[in-house]
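Fold and contact review
Okay, here's what each chain looks like letter by letter:
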Amino acid sequence: MVKGTDICNLPDWVAVPTNGSTIRIINLLVAGSNVPFGIFAFLSNLAIIVTFLKTPSLQRPSNILLCSLATSDCLVGLVAQPLFFTWWMHIQRAQDYSCFYLQTLTLAALIARMFPTGLSLANLTVISLDRCYALCRPFAYRAKVTKRGAIKVAVFTTLAWITTIVLINILPRIPTLILLTKSVVIFTILPTANYIIMFMAVRHQNRKVQDMVSSQQLRGILRREKKVTMNMFIVSAVLAVCVIPKLAVILLSKSSLGSHYNSFSLWSTTLFLLNSSINPILYTWRDPRLRAAVRSVINI
């Protein structure tokens, strides 16, 4: 491997295999995973978005937030994965391109990954807050949370993450690390705490229902909210499985991984991006109404 710092002063996590056969094998595997799954991520998430837009009965606040998540996943397939693959292929022939071009492409590929994937994490954090409120105060949730409010929250989340990306790229190194650390803490600890609170709320609501004589309405509300919450918990758990290897590579980059860091980084990034192809499958698998609506929209 040739270090990125030896190629036009690229970041030290950039490395190029020096063995020709190794390059061909890696390129084939990267292409085989990112190209078709990128296309699938774009088309499947686009189908989810169109379905929500064309089906009024599905336009509930929780589904509007889910649509925002599908939008960020759609951007992964449309922008992040193609740029990641393009960047990797160009790095293999770094000697054929100018330093300015390689540096610009590297920055573009990095931002293209950070924006939609980070936005997905932000959306899941907001969804965990939404689910926590829905389970802890089901009647207040139905009375106060509206479609317009959910749209405002989705727009604010997007603008907040765009601001974060801009600050990360213009601030000095130390403030940038602090901002990234805070983002990781918010995207991991807050959803975890929310799901713990939700578990306790479900137990409390079950006891409350048992103690009430007339509780049919509460039972029906809780049954639906529990199902939606379980669906989003599965989506969050799958995302965690895809994210943990990438976080592990980042944390271990200067220690035990050594010369294997670059290979692990390549594949952990690919796994992280593949999550956007998995989510639409989870949505339709867990929600029969959404599955039927998608089939109707695409005429299957």
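Please read all numbers here as calculations on a predicted model, not as lab measurements.

1. Brief notes about the overall build of the protein chain
Summing up its helical and strand segments, the protein chain has nine helices and two strands in all. N-terminal to C-terminal, the α/β element order of the protein chain is β-β-α-α-α-α-α-α-α-α-α. Buried positions account for 45% of the 300 residues belonging to the protein chain. Counting every atom, the protein chain has about 16,000 Å² of accessible surface; 69% of that belongs to carbon and sulfur.

2. Section: the UniProt feature "transmembrane region" (unreviewed entry) in the protein chain
With numbering aligned to this structure, UniProt lists the feature "transmembrane region" (unreviewed entry) at residues 35-53, 65-88, 100-129, 150-171, 177-202, 228-252 and 264-285. Annotated as 100% helix and 0% strand, the span residues 228-252 places its first and last C-alpha atoms 36 Å apart.

3. Section: the environment of Phe 85
Inspection of the secondary structure assignment puts Phe 85 in helix H2 (residues 61-92). Separated by 24 residues in the primary sequence, Phe 85 and Ala 109 place their C-alpha atoms 8.9 Å from one another. Excluding residues within four positions of it along the chain, Phe 85 makes contact with Val 30, Ala 31 and Val 35.

4. A word on the packing of H2 against helix H5 (residues 147-170)
At a closest axis distance of 8 Å, the pairing of H2 and H5 adopts a crossing angle of 25 degrees. Taken together, the axis directions place H2 and H5 in an arrangement best described as roughly parallel. For the pair H2 and H5, the sense of crossing is right-handed. Across the interface between the two elements, Pro 61, Ile 64, Leu 65 and Ser 68 from H2 touch Lys 147, Ala 150, Ile 151, Val 153 and Ala 154 from H5.

5. Some thoughts on the pattern of salt bridges
Summed over all chains, the structure comprises one salt bridge. Across the pair Asp 130 and Arg 131 runs a salt bridge whose closest N-O atoms are separated by 3.0 Å. Look at Asp 130 and you get buried, because its relative accessible area is 10%. Taking relative accessible area as the criterion, Arg 131 reaches 1% and is therefore assigned buried.

6. A closer look at the packing of aromatic side chains
A full pass over the atoms with the stated rule returns five aromatic pairs. Note on Phe 84 and Trp 87: the rings are 6.1 Å apart at their centroids and 25 degrees apart in plane angle, and the pair reads as stacked. One end of the pair is Phe 84 and the other is Trp 87, both in helix H2 and three residues apart, which spans about a single turn. Pair check on accessibility: Phe 84 and Trp 87 agree, each one buried. A connected cluster of aromatic rings, assembled from ring pairs, spans Phe 84, Trp 87 and Trp 88. Over the face of the ring belonging to Trp 87 we find Arg 113, whose NZ or CZ atom lies 6.0 Å from the ring centre.

7. Considerations on the environment of Leu 110
Relative to the helices and strands, Leu 110 resides in helix H3 (residues 99-136). Separated by 26 residues in sequence, Leu 110 and Phe 84 place their C-alpha atoms 7.9 Å apart.

8. Points about H2
Counted at 1.5 Å a residue, the expected span for H2 with its 32 residues is 46 Å, and the 46 Å between its end C-alpha atoms agrees. The largest bend in H2 comes to about 40 degrees, at Val 76. By the criterion of burial, H2 is predominantly enclosed, with 23 of the 32 residues buried.

9. Some thoughts on the nonpolar core
Residues Leu 69, Met 232 and Tyr 283 are the most contacted members of the largest nonpolar core, which totals 36 residues. Those elements that provide at least two residues to this core are helix H1 (20-54), H2, H3, H5, helix H6 (173-211), helix H7 (216-252), helix H8 (261-286) and helix H9 (288-297). For this core, the leading source of residues is H3, giving nine residues. Excluding its chain neighbours within four sequence positions, the residues that come into contact with Leu 69 are Ser 120, Asn 123, Leu 124, Ile 127, Met 232, Val 235 and Tyr 283. Ranked by size, the runner-up nonpolar core spans 16 residues in total, among them Ile 26, Val 30, Ala 80 and Trp 88.

10. Digging into the side chain of Asn 275
Mapped onto the secondary structure, Asn 275 falls in helix H8. Not counting chain neighbours up to four residues away, the residues in contact with Asn 275 comprise Val 238, Leu 239 and Cys 242.

What counts and what doesn't
Residues numbered from 1 in each chain as written. Predicted model: local features only at pLDDT ≥ 70, side-chain atom pairs only at ≥ 80, totals over all residues. Heavy atoms only, no water. Helix = DSSP H or I, 4+ residues; strand = E, 2+ residues; numbered from the N terminus. Buried < 20%, exposed > 50% of the residue type's maximum accessible area, 1.4 Å probe, protein only. Areas by Shrake-Rupley, 256 points an atom, 1.4 Å probe, with all protein chains shown as cover. UniProt positions renumbered as here; feature names shortened; annotations may be inferred. Contact = heavy atoms within 4.5 Å. Axes fitted to C-alpha atoms, helices over the stretch in contact; angles between N-to-C directions. Parallel < 35°, antiparallel > 145°, perpendicular 65-115°, else oblique. Left-handed = near helix turned anticlockwise from the far one by under 90°. Salt bridge = Lys/Arg side-chain N within 4 Å of Asp/Glu carboxyl O. Phe/Tyr/Trp six-rings, centres within 6.5 Å; stacked < 30°, edge-to-face > 60°. Lys NZ or Arg CZ within 6 Å of the ring centre and 35° of its normal. Expected span 1.5 Å × (residues − 1). Bend = angle between axes of the 7 residues up to and from the residue. Core = buried A, V, L, I, M, F, W, Y, C linked by side-chain atoms within 4.5 Å.

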